[in-house]
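Here is how the chains run, residue by residue.
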Amino acid sequence: MSRQPSCGSGRWAGHWQQRADVVVIGTGVAGLVAALAAHRAGRKVVVLTKATEFPGGTATYYAQGGIAVAMPDSDDAVDTHVADTLAAGAGLCDPDAVRSIVADGYRAVCDLVGYGARFDEAGPGRWALTREGGHSRRRIIHAGGDATGAEVQRALDVAAAHLDIRPNHVVLQLLHRDDAITGVLVRNADGPGVIHAPAVVLATGGLGQLYTATTNPPGSTGDGLALALWAGVPVCDVEFIQFHPTMLYNGPAGGRRPLITEAVRGEGARLIDARGRSVTAGVHPMGDLAPRDVVAAAIHARMTETGAPCVYLDARGIPGFAERFPTVTASCLAAGIDPARQPIPVVPGAHYSCGGVRTDVSGRTAMSGLFAAGEVARTGMHGANRLASNSLLEGLVVGGRAGAAAAEHAAAAGVVTAEPPEPAVRPALPRQALQEAMSRHAAVVRDESGLAELAGELDAAEPRKLNTRNDFEDAALTCVAAVVVAAARERTESRGCHHRSDYPETDPAQAVSVPRTLEGALVTEVACC
Ligand code: SIN
């Protein structure tokens, strides 16, 4: 059998095969903006999503609060937004990366308006601005009240509708030769196949499904992180998993749970316990609008102290709540809570991966031809704790840059051919066992004995053939969990959203981001069957 593929379709070493200049994995904000940029540069772009249909299935859709952007001609400035981002990031942001991304924000939002997105206005031609935790100014634009992600996704879905977007395509492996990308191994309804391509953009989103309950949709299984790690590409800051302070608590059910946007606090709601006492009084000068890590830790401490399963967000004083927050109102009413009359029960919930595949501010990774953008990437923007509403901003800015850089790389690299890969067998814990163990030992507060127990459970993961999307996701989650746990054990301090009860202080000597690979994190990693 020939190992040289022809340009057309046809079986090759048991695989179907195709060609592209740029493969984009993911259809959220970063993926679609990247794909549009690469397409605009004249490249043949193929967009892959494991979701069963397009549009659908992205975390972007669920974003509520908005997009943080320093507006020209306002009381705000890029410098102020940068300073707030650095303060929230607890010493681990890359200041140059923050400045580069923040300074490009207004332009990127204008591009998004060019794609058809519409934001709420305070008056004709003047966007309404709200506030969230850690922001010293009202600088967050929003849409549909609290449906910003849905509007961003809607506009991009329409703008990208003419692109070659393929649902039901699970990318199983990055293919590379001599540290340069040559394509991807994919499974679709026709079985395994290879797309030969000199440039690949990871835009696969986050990893909230590492935990029993999360604000993330079912597809947030750490896929891009695992693909990079399996290919030997370093990740960074993965111990910093942000727990949003206010996920709706409607009993111990798992899966995706509704977010109660931080903008509710920005408009004046207060966090109280069952006795009506403030949760954050005396904790931080910004009170309920302190950065997320501070508020989530304060809620966790109050729940531990009182033994209560949740705290409450009292939004009863906000006039016109239902009009300003229609998504939150609908979620509350569906759970039998009327936010106009009752405090909303909330708990911290797994929300965002501050770390990711290590990139520069144009999404370039350590592997030639491999780019990453959005939540899967670690540009240095978020450090140890992301500032609220900086994620859509980063996805927009870096997504566009990564798409353009991938197009340029593809043009320079020309035609490449991937080797047919061996089918991989990878360690995979059953999903529920993994989520329960992570929720028990690697959530808002961690310690060495819990993390060591978790590492032992991960080491016992059985090798599995990746025959289905579920197998692939379990293996990805197990791989990512192993690296998160290794990083969390090594960081013997508390910083940003990494809280160690056995090391409660911040250690100035550990104010460094440590790139890491899979080596040593999982003892049973297997290369092939
Ligand atoms: C929120 O609306 O509180 C979430 C926004 C974000 O995660 O940045």
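What you are looking at is a predicted structure, and each value in this text was computed from that prediction instead of being measured. Residue positions are given per chain, counted from 1 along the sequence in the order it is written. Local features in a predicted model are, by the rule used here, given only for residues with pLDDT of at least 70; side-chain atom pairs are given and counted only at 80 or more, and totals for whole chains, interfaces and linings are based on all residues. Processing note: side-chain calculations cover all non-hydrogen atoms of the structure and skip hydrogens and water entirely.

A. Representation of the pattern of salt bridges in the model. By convention in these notes, a salt bridge is any Lys or Arg side-chain nitrogen within 4 Å of a carboxyl oxygen on Asp or Glu. In the structure shown here, the tally under the stated rule is 38 salt bridges. As a salt-bridge pair, Asp75 and Arg137 come within 3.8 Å of each other at their nearest N and O atoms. You can see Asp75 sitting in the loop between strand 5 (67–68) and helix 2 (78–88) and its partner Arg137 sitting in the loop between strand 8 (129–130) and strand 9 (140–141), a full 62 residues away along the chain. For each residue, the accessible area found with a 1.4 Å probe, counting protein chains only, is set against the maximum for its type, and the residue is called buried under 20%, exposed over 50%, and partly exposed in between. A residue is classified by how much of its surface remains accessible, and Asp75, at 59% relative accessible area, is exposed. In this description a helix means any DSSP run of H or I spanning at least four residues, a strand means any run of E spanning at least two, and both kinds are numbered starting from the N terminus.

B. Structural view of the pairing of strand 4 (residues 45–48). Of the two faces of strand 4, the one carrying Val45 and Val47 and the one carrying Val46 and Leu48 are both buried. Strands pair, by our definition, only if DSSP identifies at least two bridges between them. In terms of strand pairing, strand 3 (residues 22–25) meets strand 4 through 4 bridges, oriented parallel. Considered in strand 4, the bridge of Val24 is made with Val47. Note on handedness: a crossover is taken as right-handed if, strands pointing away from the viewer, the path from the first strand over the helix to the second is clockwise. Between strand 3 and its parallel partner strand 4, the chain crosses via helix 1 (residues 29–40), and the hand of that crossover is right-handed. One ladder, built from 3 bridges, connects strand 4 with strand 10 (residues 164–166); its direction is parallel. Counterpart to Val46 in the pairing with strand 10 is Asp164.

C. Representation of the state of the cysteines. The criterion for a disulfide is a pair of cysteine sulfur atoms lying within 2.5 Å. Summed over all chains, the structure comprises 0 disulfides. Free cysteine Cys93: the closest other cysteine sulfur is in Cys354, separated by 9.0 Å. Taking relative accessible area as the criterion, Cys93 reaches 12% and is therefore assigned buried. With no disulfide partner, Cys310 has as its closest neighbouring cysteine sulfur the one in Cys332, 12 Å distant. Judged by its relative accessible area of 6%, Cys310 falls in the buried class.

D. Spotlight on the site of the ligand. Near is defined per residue: the residue qualifies when any heavy atom it owns lies within 4 Å of the molecule or strand. Contacts to the ligand come from Gln64, Gly65, Glu132, His244, Leu259, Thr261, Glu262, Arg292, His351, Arg386, Ala388 and Ser389. In protein, a polar contact means a hydrogen-donor-capable atom and an acceptor-capable atom, both N or O and within 3.5 Å, with residues adjacent in sequence counting only if both atoms are side-chain atoms; elsewhere, any N or O pair within 3.5 Å suffices. The separation between an oxygen atom of the ligand and a polar main-chain atom of Glu262 is 2.7 Å. One of the side-chain nitrogen or oxygen atoms of Arg386 is found 2.7 Å away from an oxygen atom of the ligand. Considering the ligand on its own, with 260 Å² of exposed area, one finds that the protein chains cover 95% of that surface. Note on residue classes: Ala, Val, Leu, Ile, Met, Phe, Trp, Tyr, Cys and Pro are nonpolar, Asp, Glu, Lys and Arg are charged, and everything else, Gly too, is polar. Taken together, the residues that form the shell around the ligand break down as 2 nonpolar, 6 polar and 4 charged. Each accessible area is a Shrake-Rupley estimate made with a 1.4 Å probe; only the visible protein chains count as cover when residues are assessed.

Shape descriptors only; they carry no functional weight alone.
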